[in-house]
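Examination of the molecular architecture
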Amino acid sequence: MVKEPAKLLILYASQTGNALDAAERIGREAERRGCAASVRSIDDFDASSLPHEDNVIFVVSTTGQGDTPDSMKSFWKYLLQRNIAKNWLEGVHYAVFGLGDSGYQKYNFVAKKLDRRISDLGATAVVERGLGDDQHPSGYEGALDPWMSSLWNMLYQINPKFFPNGPDFVISDTKLINQPKFQITYHEIDEVDLQSSSAPGLDHVLMQTGRARSMSPGKVSHIKNIPDCFLKMIKNQPLCRAGCGKDVRHFEFEFVSSIIEYRVGDVLEVLPGQDPAAVDAFLQCCNLNPESLITVHPIGMESRHCDAEGNDYKVPIKLKTFVELTMDIASASPRRYFFEVMSYFATAEHEKERLQYFASPEGRDDLYQYNQKERRTVLEVLEDFPSVQMPFEWLVQLVPPLKTRAFSISSSPSAHPNQVHLTVNVVSWTTPFKRKRAGLCSTWLAGLDPQDGAYIPAWFGKGSLPPPPLSIPLVLVGPGTGCAPFRGFVEERAIQDVSGSAAPIMFFFGCRNQENDFLYKDFWLSHAENGGPLSVARGGGLYVAFSRDQPQKVYVQHKMREQSQRVWNLLVEGASIYVSGSSTKMPSDVMSALEEIISKEAGVSRETAVLQLRRLEKDGRYHVEAWS
């Protein structure tokens, strides 16, 4: 096979879109220096053809507790095959850039293990792996900029043909902004088949959602365009005492379209609605006609009528509907490239200068403070730079996609047929400049009135907490909304436990105050009595840490240490451990407490206890679901 010289293949594995942004940026910077680059999602690449590539850049994110992004799972499985020769990738040059968060225990774990594996298979690293950190004052870009600089220099040393004019030469500004990647076609009313608009309510919403999202540039590959089902809210119940400073809600939904079979431990992904006033303000700000009928497709794909799921690209949709269902205009912050493209369309000189500064390496930290730290939205940024009139093609490409939000399901389908329940913290915070911000999806859900009967697009997915068999004892640790999946676990076991043969459950819950935020208090207490799954009589128990009800802070790990022997007894009986909740310190504090418990009760060294916990992980008896 003839190898093309001096071309870069950039493969990315993204869960939320950051790795895609970083990969596209590397691709743009390479092309600005005269090097051809191809950017592809790793699940769109045949792993068996890797040895035929000369130069590959991997951009991979780490999710949860060191997990591989969904799009990378089959690629990684292929690389781990035992029959692959040691020198399989000999002659391939590669580089790895990882995106992670040093607040997590397994920081950039995926990038580190990919780097090791590619190297073990005989490939040559061009440059030391780069590790982007969300905790850095400039986010992952703090590490990406210097890493790219080293990458260009090392590639030039390997083969000067990469950069015909040297690694520091950049194509002049006038040629910098290429054509946008997407084309908008506007349709006259009489061109359009209006059958769809006369369809019944639910079918019409389903069609519109699938059509808009199939045309969206920001599709995340593991989520289908068409929702699995639509839900209707039937209960919106606050779980915290009014005025306590926290707002956690219990939501109950009914299936209004097809019923999806789910299991305890699964997750529900919800597409949030956007504030109509914000959508109208965006359309006005950008001089867009909300009633225009449009189709959106990648340039060069005009002849292709359907996407992989068979969704029709050719059937037009109202521009306003497309914005509502696909473009996050009032929640997510735009990327650095957004400011760069804006600078080309700014007509006021002072605005152009400020945007150019923001897009430059010197302005990186100031942009991070203005944009990400303050969580400036697309709408706010456009309102701050009123002279900018970006064409809709560019807005479609650069406005962050409206993403689904994933929540742990907090019900058992056996206990609530035709229903699914969620336990949601209604997110709000204050920025460094004292601006009030609110989570898009949680605030939207909290504002829904069950009487309105709104259709909610939803997708079901496997969580990282597999449903436990009835015969296995459980040690559950779930402070705050981390208790959500365990409500489903307990409901399920209570229903299955007709003959009293189910194994016991120890549950460690944590909150601030007994009076303010003891979520589902009556539920847990009822199952801890009369021989229920959480009862001490059965070998289980409910242990609650109220962190602020006494002078010293008490957390779940303190309660676990107090019950050291009982925890150990259940582990000896073959118990599985499930940990769910905030990713900050809790998972590592819980792991540390378990190490202590094993060391103390088994009479072994701390090192041996660590190895025993690792064995539990390997055997599928230790599961963590954590979020930031």
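Everything in this summary refers to the structure shown in the same document. Just so we're clear, the structure is a prediction, and the values are computed from it rather than from any experiment. (Residues numbered from 1 in each chain as written. Predicted model: local features only at pLDDT ≥ 70, side-chain atom pairs only at ≥ 80, totals over all residues. Heavy atoms only, no water.)

Side note on the nonpolar core
- Grouped together as the largest cluster of nonpolar side chains are 46 residues, with contacts concentrated most on Phe282, Phe322, Met327, Phe338, Phe392 and Leu395.
- What Leu395 contacts, discounting residues up to four positions off in sequence, is Phe282, Cys286, Met327, Phe338, Leu382 and Met390.
- Counting 27 residues, the second-largest nonpolar core is a separate cluster that includes Ala6, Ala19, Ile57 and Leu144. (Core = buried A, V, L, I, M, F, W, Y, C linked by side-chain atoms within 4.5 Å. Buried < 20%, exposed > 50% of the residue type's maximum accessible area, 1.4 Å probe, protein only. Contact = heavy atoms within 4.5 Å.)

Examining the state of the cysteines
- For the structure on display, the rule yields zero disulfides.
- As a non-bridged cysteine, Cys285 has Cys286 as the owner of its nearest cysteine sulfur, 4.8 Å distant. (Disulfide = S-S within 2.5 Å.)

A short note on the packing of helix H19 (residues 586–602) against helix H20 (residues 606–618)
- Running from amino to carboxyl end, H19 crosses H20 at an angle of 115 degrees, the nearest separation of the two axes being 8 Å. Considering the relative orientation of H19 and H20, their crossing is right-handed. Mapping the contact onto sequence places Met591, Ser592, Leu594, Glu595, Glu596, Ile598 and Ser599 in H19 and Arg606, Ala609, Val610, Gln612, Leu613 and Glu617 in H20.
- Tallied by class, residues from the contact of H19 with H20 come to six nonpolar, three polar and four charged. (Axes fitted to C-alpha atoms, helices over the stretch in contact; angles between N-to-C directions. Helix = DSSP H or I, 4+ residues; strand = E, 2+ residues; numbered from the N terminus. Left-handed = near helix turned anticlockwise from the far one by under 90°. Nonpolar A, V, L, I, M, F, W, Y, C, P; charged D, E, K, R; others polar.)

Regarding the pairing of strand E19 (residues 505–511)
- With seven of seven residues buried, E19 is to be regarded as a mostly interior element.
- Residues Ile505, Phe507, Phe509 and Cys511 of E19 are buried on one face, and the alternating residues Met506, Phe508 and Gly510, pointing to the opposite face, are buried as well.
- Examined bridge by bridge, strand E18 (residues 474–477) and E19 share four bridges and lie parallel to one another. Considered in E19, the bridge of Val477 is made with Phe508.
- The β-α-β motif built from E18, the intervening helix H15 (residues 484–496) and the parallel element E19 has right-handed crossover chirality. (Pairing = 2+ DSSP bridges. Right-handed = clockwise from strand over helix to strand, strands pointing away.)

Focus on unusual backbone geometry
- Backbone geometry at Arg375 places phi at a positive 50 degrees, although glycine is not the residue there.
- Secondary-structure assignment places Arg375 in the loop between helix H11 (364–370) and helix H12 (378–384).
- With a relative accessible area of 32%, Arg375 lands in the partly exposed category.
- The backbone of Asn418 sits at a positive phi, close to 70 degrees, despite the residue not being glycine.
- Relative to the elements of secondary structure, Asn418 occurs in the loop between strand E13 (405–408) and strand E14 (419–425).

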